[in-house]
Amino acid sequence: SFFKKQTGALLSVLIFISFPMTIDKTIDIRPDMLMVAMVLLAMLSSRSLFIGLYTGLSLMIHPKIVFALPMFVYLSATSSKKLRIVPVVIGFLVPFLLFFLYLAHQQALPAAYTSILRDSVVANTGKGHFSPLQALSPFPLVYVANGGISLPWLVNTALWITSGVGLIFLWIRNKRLGIAMVLYFVFGIGLLFVFPVPFLQYFIPLTAMASILAGFTLSVIPGLTRNPVPKKHWIPAFAGMTEKGAGMTEKGAGMTNPIISILIPFLLFISFFLQYRERVAPTASNSEQLQVLRDVSAISRPDETFYDMVGSYVFRTDGYFICCHPYGEFIHLLASSLPAEVPPRGTKEGPDLNLTKSLIRRQTKFLVLDRIGFVFWQTPEPDLSFLLTNYLPTKYNKIYSLGLTFRCVNGACTQYRLDDKPAANRSTNTFSTIIPETYTVTIEPSTTTLTIDGNETKNGQTIDLAAGPHRFLVSPTTTLLRVQLDR
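Residues numbered from 1 in each chain as written. Predicted model: local features only at pLDDT ≥ 70, side-chain atom pairs only at ≥ 80, totals over all residues. Heavy atoms only, no water.

So, on to the sheet that holds strand S10 (residues 455-457). Strand pairs in the sheet, formed through backbone hydrogen bonds, run parallel or antiparallel to each other. Pairing in this open sheet of four strands is antiparallel, and the strands run S7-S12-S9-S10 from one edge to the other. What marks the edges here is a single partner per strand, and that holds for strand S7 (430-433) and S10. Ignoring strand direction, the axes of neighbouring strands in this sheet form an average angle of 35°. Note: strand S9 (residues 450-452) against strand S12 (residues 468-474), three bridges, orientation antiparallel. Of the residues in S12, the one forming a bridge with Thr451 is Leu473. (Pairing = 2+ DSSP bridges. Helix = DSSP H or I, 4+ residues; strand = E, 2+ residues; numbered from the N terminus. Axes fitted to C-alpha atoms, helices over the stretch in contact; angles between N-to-C directions.)

What follows covers the state of the cysteines. The tally for this structure, following the rule as stated, stands at one disulfide. A disulfide bridge connects Cys408 with Cys413, and the sulfur atoms are separated by 2.1 Å. Its S-S torsion of about 105° marks the bond between Cys408 and Cys413 as right-handed, since a negative value means left-handed. Judged by its relative accessible area of 0%, Cys413 falls in the buried class. (Disulfide = S-S within 2.5 Å. Buried < 20%, exposed > 50% of the residue type's maximum accessible area, 1.4 Å probe, protein only.)

Take the nonpolar core next. Core analysis: the biggest nonpolar cluster contains 44 residues, and Ile65, Met71 and Tyr184 have the highest contact counts within it. Broken down by secondary-structure element, the contributors of at least two residues to this core are helix H1 (6-17), helix H3 (31-44), helix H4 (48-61), helix H5 (69-78), helix H8 (151-173), helix H9 (175-194), helix H10 (204-220) and helix H11 (258-276). No other element matches the nine residues that H10 contributes to this core. When near neighbours in sequence (up to four residues on either side) are disregarded, Met71 contacts Met43, Ala180, Met181, Leu183 and Tyr184. Counting 41 residues, the second-largest nonpolar core is a separate cluster that includes Met309, Leu355, Phe406 and Ile463. (Core = buried A, V, L, I, M, F, W, Y, C linked by side-chain atoms within 4.5 Å. Contact = heavy atoms within 4.5 Å.)

In structure tokens form, the structure reads like this:
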């Protein structure tokens, strides 16, 4: 095992169950946990048959662990105790064969093929790429009602840094195991970039191994123990493919000081508590849901529609007949098959398959995006450009309202989208509103002048605009013009 003494092993377990990045997923009942357990068993096993069996089980439980195969192949090829290929292959195939026989007995082979292979590809169509680096930002950690710098985010950052130190120690003392871990993390991180929408559960295999490395580092690094483990025993010892090592066996080695035994577990506990209480603890409240009701009620009227791309603000009438789903994966198939009498929720009108047309027809003034201001999945073009061009953030969390933004230089203004990209390659002196309403005009600097449709307009002034094009003229000193729904 990695540890002959209990300190590092217990720390690794404590770190994993409280790892801030994946706590949302480790407290769930998910196949990921069993998948990781099978990977660890395969790494610890000394028998060829069981190495293949545990590897096959992990892959069958969740195919995303395929990224660990290069590590297994490398460890097998470089092990001084050569594995027997035939038992490994037999053990690997056993779970798949049993699953195949079960499906055949249930006459479910065609459905399994469609669900496991075909649907997994189709389900990702229409989704935009999401950078895994966002998962390291403060917002996904204590985000239920709030986000930003917090103790869980600091703990999360410290754990990743500590695991990186552990990886360096491992590489220095045992290059073979160091290379194996590098392969594990490189291919694991690569999977996150390849997969279109890497939800936080895809970090579980990485945080599990990072927890082991962090626990190892904290238990052996000089200065954190009264009697640091001698350098010759810093080499973790895997059985089986990773070979046995000396371990931490010297008398007195690894005796912990208060930093290890008190402070670190205390910080992990507080971090865990801060996140747990907002999710499933008996003291958890519905304050976030109540705030949603207050925000939506404050910014909109009961007869107004929302297009909710998150799924948490759905009590207002929908602006589109498909709510909270990446419709781009199937909308093209509905044109000829959807019954004409199926109306959008809460209406008696027939559905409009075109999102842009539906939002204009339904007079949808509000969007709901996710907590950090963008969508995990993106609508197909040209719908995506329509949303990014015609809506701006409001003071209410996740709610965006009708609005246009222009950046101006020497009186020439260019419209910018919600994603901070130019909406066009040239300047303009006109804009179009898609819904007649009262809008607020913001000008920077606030002392500059502006005319809209020939009428002088001041900063902060509200004006009524009809749907359609409007002409404006700004002074040469104007740098920004924003026209947004007055709510």
